[in-house]
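# A look at the structure
Here's the letter readout for the chains.
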Amino acid sequence: MSSLDADRGITLDDALTAVADAQPLVNSVTNDVTINDVANITLHWGGLPVMSDDEREVGDMVAIADGCLLNMGTVSESGEETMLTAGMAANDHGVPLVVDPVGVGATPTRTRVADRLVTDLDVDVLNGNYGEISALVGEHAEVRGVESIGEYAEIAATAVECARQTGAVVVASGETDIVATEAAAFEVQAGHSMMGEVVGTGCMLGVTLTVFAAALDDPLDGALAGTVAYGLAGELAADGAFGDYHGPASYRISFLDAAAGLAGAETPALSGRIERIEVR
Ligand SMILES: Nc1ncnc2c1ncn2[C@@H]1O[C@H](COP(=O)(O)OP(=O)(O)O)[C@@H](O)[C@H]1O
Ligand SMILES: Cc1ncsc1CCOP(=O)(O)O
Ligand SMILES: [Mg+2]
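What you are looking at is a predicted structure, and each value in this text was computed from that prediction instead of being measured.

What follows concerns the site of ligand 2. The environment of ligand 2 is formed by Asn31, Val33, Thr34, Gly73, Thr74, Val146, Val199, Gly200, Thr201, Gly202 and Cys203. In the environment of ligand 2, an oxygen atom lies 3.3 Å from a nitrogen or oxygen atom belonging to the backbone of Thr201. Cys203 has a polar backbone atom sitting 2.8 Å from an oxygen atom of ligand 2. For ligand 2, the accessible surface in isolation is 380 Å², of which the surrounding protein chains cover 82%. Counted by class, the shell around ligand 2 contains four nonpolar, seven polar and no charged residues.

For the rest of this paragraph, the subject is the environment of Asp115. Here Asp115 lies in helix α5 (residues 108-120). With relative accessibility at 33%, the residue Asp115 sits in the partly exposed group. Taking the C-alpha atoms as reference points, Asp115 and Leu136, separated by 21 residues in sequence, lie 7.2 Å from one another.

This paragraph deals with the site of ligand 1. Residues in close proximity to ligand 1 total 14 residues, the closest being Asn129, Ser173, Gly174, Asp177 and Tyr230. Within the side chain of Ser173, one N or O atom sits 3.0 Å away from an oxygen atom of ligand 1. Between ligand 1 and Gly174 there is a distance of 3.1 Å, counted from an oxygen atom to a backbone nitrogen or oxygen. Contact with the protein chains covers 84% of the free accessible surface of ligand 1, which is 540 Å². When residues of the shell around ligand 1 are assigned to their parent elements, the largest contribution, three residues, is made by helix α8 (residues 201-215).

On to the UniProt feature "binding site: ATP" (unreviewed entry) in the chain, then. Within this structure's numbering, the places UniProt gives as "binding site: ATP" (unreviewed entry) are Asn127 and Ser173. The annotated residues occupy 47 residues of the chain but converge on a single region, no pair of C-alpha atoms lying more than 7.2 Å apart. Structurally, the position occupied by Asn127 is in strand β5 (residues 125-129). Take Asn127: its relative accessible area is 1%, and that puts it in the buried class. The contact partners of Asn127, leaving out residues within four places of it in the chain, are Val98, Val99, Asp100, Pro101, Ile133, Val171, Gly202, Leu205, Gly206 and Leu209. Here Asp100 takes part through its side chain, which lies 3.4 Å from a polar atom of the side chain of Asn127.

What counts, and at which threshold
- Residues numbered from 1 in each chain as written.
- Chains lettered and ligands numbered in written order.
- Predicted model: local features only at pLDDT ≥ 70, side-chain atom pairs only at ≥ 80, totals over all residues.
- Heavy atoms only, no water.
- Near = heavy atom within 4 Å.
- Polar contact = N/O pair within 3.5 Å; in protein donor to acceptor, adjacent residues only side chain to side chain.
- Areas by Shrake-Rupley, 256 points an atom, 1.4 Å probe, with all protein chains shown as cover.
- Nonpolar A, V, L, I, M, F, W, Y, C, P; charged D, E, K, R; others polar.
- Helix = DSSP H or I, 4+ residues; strand = E, 2+ residues; numbered from the N terminus.
- Buried < 20%, exposed > 50% of the residue type's maximum accessible area, 1.4 Å probe, protein only.
- UniProt positions renumbered as here; feature names shortened; annotations may be inferred.
- Contact = heavy atoms within 4.5 Å.

Quick look at the structure:
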């Protein structure tokens with residue numbers, strides 16, 4: 001199977017095998033809306049989910065974990081402090097840290113919490129939709145609730161700027177996903193429009209990135225592999241490879257099955273799906 005990136009020589013099969021071998025324990029401090037899907041897709045990829053979010057134990061749980069996700073979808077005042085406790089434990093113990101700044105830009109509170117997370121913590125991977133990533137770097141963005149509204153013609157440059165400001169690998173999700181570091185940007189053509197019809201596909205992407213970042217040594221490899229694997233699962237589900245569906249609710253089930261079955265499935269060729277792009 002073709003390499004995820006010619007310079008790095010890692011294939012999707014390598015990544016899927018690394019996840020299966022590592023069986024990473026991933027602690028997700030995440031929102032109440034999609035927490036069960038986040039837990040299940042962690043398991044479906046080959047990871048071990050735990051959703052510890054109590055201030056008295058979260059630091060200890062993250063210390064023994066292989067990856068940590070902070071998703072601020074329904075973050076409360078106490079939850080904000082717990083996220084900092086978890087994130088600092090990840091940093092102290094060298095545990096890969098992924099942040100999903102859900103709804104940043106929609107309200108001043110969300111913007112403040114997101115800024116605090118990316119400022120006070122050393123984040124390995126950041127994932128958000130186009131609006132969230134644009135809001136995070138202070139550019140014009142329309143985030144309605146948690147949905148990205150409007151057009152973002154310069155999203156690749158914005159993602160690179162976000163990587164520069166935060167030091168993280170940035171995944172800006174949408175019809176075309178952008179994976180960016182401060183020095184490089186990749187367009188990833190994988191996924192299906194049905195994924196945009198299901199609440200939780202951004203949250204599940206965040207924990208997918210955490211699983212792959214935990215299993216691979218380099219956050220960029222983890223972000224590229226996780227983004228590609230996730231999109232391919234979306235395509236296979238949409239193609240009916242994991243059962244017929246009749247709308248977004250049944251599609252969601254097929255999608256979860258596709259994530260669980262991707263390693264054993266005949267996946268579409270990757271050639272041309274991942275393109276390194278020039279960003280000034
Ligand atoms: N129209 C689309 N075509 C292909 N993939 C999509 C589309 N909309 C969303 N996705 C995929 O669904 C996942 C969630 O993306 P997005 O909807 O941007 O996140 P969020 O749910 O946080 O707003 C990503 O993997 C993205 O690639
Ligand atoms: C609707 C909603 N409200 C707070 S968190 C959440 C789920 C967001 O999920 P995603 O970012 O995957 O769309
Ligand atoms: Mg989201």
